[in-house]
Amino acid sequence: MRRVALLLSLLLLACSALAAAPLTVDAVRFRNFGIASGLSQVTCRAILQDDQGFVWIGTQDGLNRFDGYNFKVYYRDRSDPASLADSHVTALAKADGGIVWIGTMAGGLNRLDTATDAIQVYRHQPDNPGSLAADGVTALLRDREGLLWIATADGSLQTLAEDSDHFVRQGPSDGTLGVIRAMVQTGDGRLWLGGSRGLWVRGPEGFRTLGDSVSAIGDIQALAAAADGSLWVGTTRQGLVQLAADGTLRAHLRADGADGALPDDQIRSLLKTRSGEL
């Protein structure tokens, strides 16, 4: 797999511009950040904006908090049991009260209280069916009802209620969904899941695949929902795709070498900010 050459790209897409006219390649511009800017490591795995406006960036070696000027980095410290359980961050989600949920490659699920920097760790317990399904977390989502959805490397999908330590399994148990790497909830309440087996949607009828309508995008790494109901899909090798609310293809952006184009066709993570930027 090709290494991502440029690690963090903020795609500036104003909501007003999107509403007024169809997206064109000329309308897309990127501002890039890397190690020279203070980012801890070269591969971004997850991005989150909290209620204070800070942007959290999970990398293969550290969790970064960006205030618009500087990065503050959180690492695993073997001598400090209150530190991150693993520096390889794979997924992020926010909760009320300044809580940030952190999924890691091998250190389970971590809960960070940003007011105190206190970290609580949840790990897989073989003798406890109500524990985390596996210590490798691949995706996180907190839905409108306050449930935290957790996807793990063994293909499991679970939920964790607020103020609970009991993980509840969701969806088919036969691995049909594949390894889920991204989840997002759209305005109509539907839950979208993307991963090794393409794009899935969970509605009142349960889980169904959109494989036939978006088969060209293949393996999925990231998802982001737009205010108009459309869905942004970051792929492993096919660049950035925008789907309409009904699942039909609206735009497809590739790394074609043009000025202002994507730096790479491998999209690791996407974030839709409160101001409408992707």
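Summarised in this report is the structure supplied together with it. (Residues numbered from 1 in each chain as written. Predicted model: local features only at pLDDT ≥ 70, side-chain atom pairs only at ≥ 80, totals over all residues. Heavy atoms only, no water.)

Tallying secondary structure elements over the protein chain gives 1 helix and 22 strands in all. For the protein chain, with 278 residues in total, the buried portion stands at 50%. Across the protein chain, every contact between residues at least 6 apart in sequence was considered, and the portion connecting residues at least 24 apart equals 43%. Carbon and sulfur atoms make up 48% of the accessible area of the protein chain, which totals about 13100 Å². (Helix = DSSP H or I, 4+ residues; strand = E, 2+ residues; numbered from the N terminus. Buried < 20%, exposed > 50% of the residue type's maximum accessible area, 1.4 Å probe, protein only. Contact = heavy atoms within 4.5 Å. Areas by Shrake-Rupley, 256 points an atom, 1.4 Å probe, with all protein chains shown as cover.)

Note on sheets: strands pair through backbone hydrogen bonds, and any given pair is parallel or antiparallel. Judged by pairing direction, the sheet is antiparallel, and its 4 strands sit side by side in the order 19-20-21-22 without closing on themselves. Here the strands that pair on one side only, and so sit at the sheet edges, are strand 19 (220–225) and strand 22 (249–253). Put simply, the sheet's adjacent strands are angled 20° from each other on average, direction ignored. As judged from the 4 bridges shared by strand 20 (residues 231–235) and strand 21 (residues 240–243), these two strands associate in the antiparallel manner. What sits directly across from leucine 231, in strand 21, is leucine 243. (Pairing = 2+ DSSP bridges. Axes fitted to C-alpha atoms, helices over the stretch in contact; angles between N-to-C directions.)

By the secondary structure assignment, glutamine 41 is in the loop between strand 2 (30–33) and strand 3 (44–49). Within the structure, the side chain of glutamine 41 is placed 3.3 Å from the backbone nitrogen of glutamine 60, a separation counted as a polar contact. (Polar contact = N/O pair within 3.5 Å; in protein donor to acceptor, adjacent residues only side chain to side chain.)

Another point: the pattern of salt bridges. If you walk through the whole model with that rule in mind, you get 10 salt bridges. The partner of aspartate 135 in a salt bridge is arginine 123, with the nearest N and O atoms 3.3 Å apart. A residue pair is termed long-range when its members are at least 10 positions apart, and aspartate 135 in the loop between strand 10 (118–122) and strand 11 (137–142) and arginine 123 in the loop between strand 10 and strand 11 qualify at 12 residues. We classify arginine 123 as partly exposed; its relative accessible area is 35%. Taken together, the shared-partner salt bridges in this structure form one network comprising Asp96, Arg142 and Glu162. (Salt bridge = Lys/Arg side-chain N within 4 Å of Asp/Glu carboxyl O.)

Further remarks concern the sheet that holds strand 9 (residues 109–113). An order of 7-8-9-10 is seen for the 4 strands of this open sheet, with the pairing classed as antiparallel. Among the strands making up the open sheet, the edge pair consists of strand 7 (89–95) and strand 10. Taken pair by pair, the neighbouring strands of this sheet meet at an average axis angle of 20°, ignoring direction. Of the strand pairs in this sheet, strand 9 and strand 10 are connected by 5 bridges, and their pairing is antiparallel. Bridge pairing in strand 10 links arginine 111 to glutamine 120.

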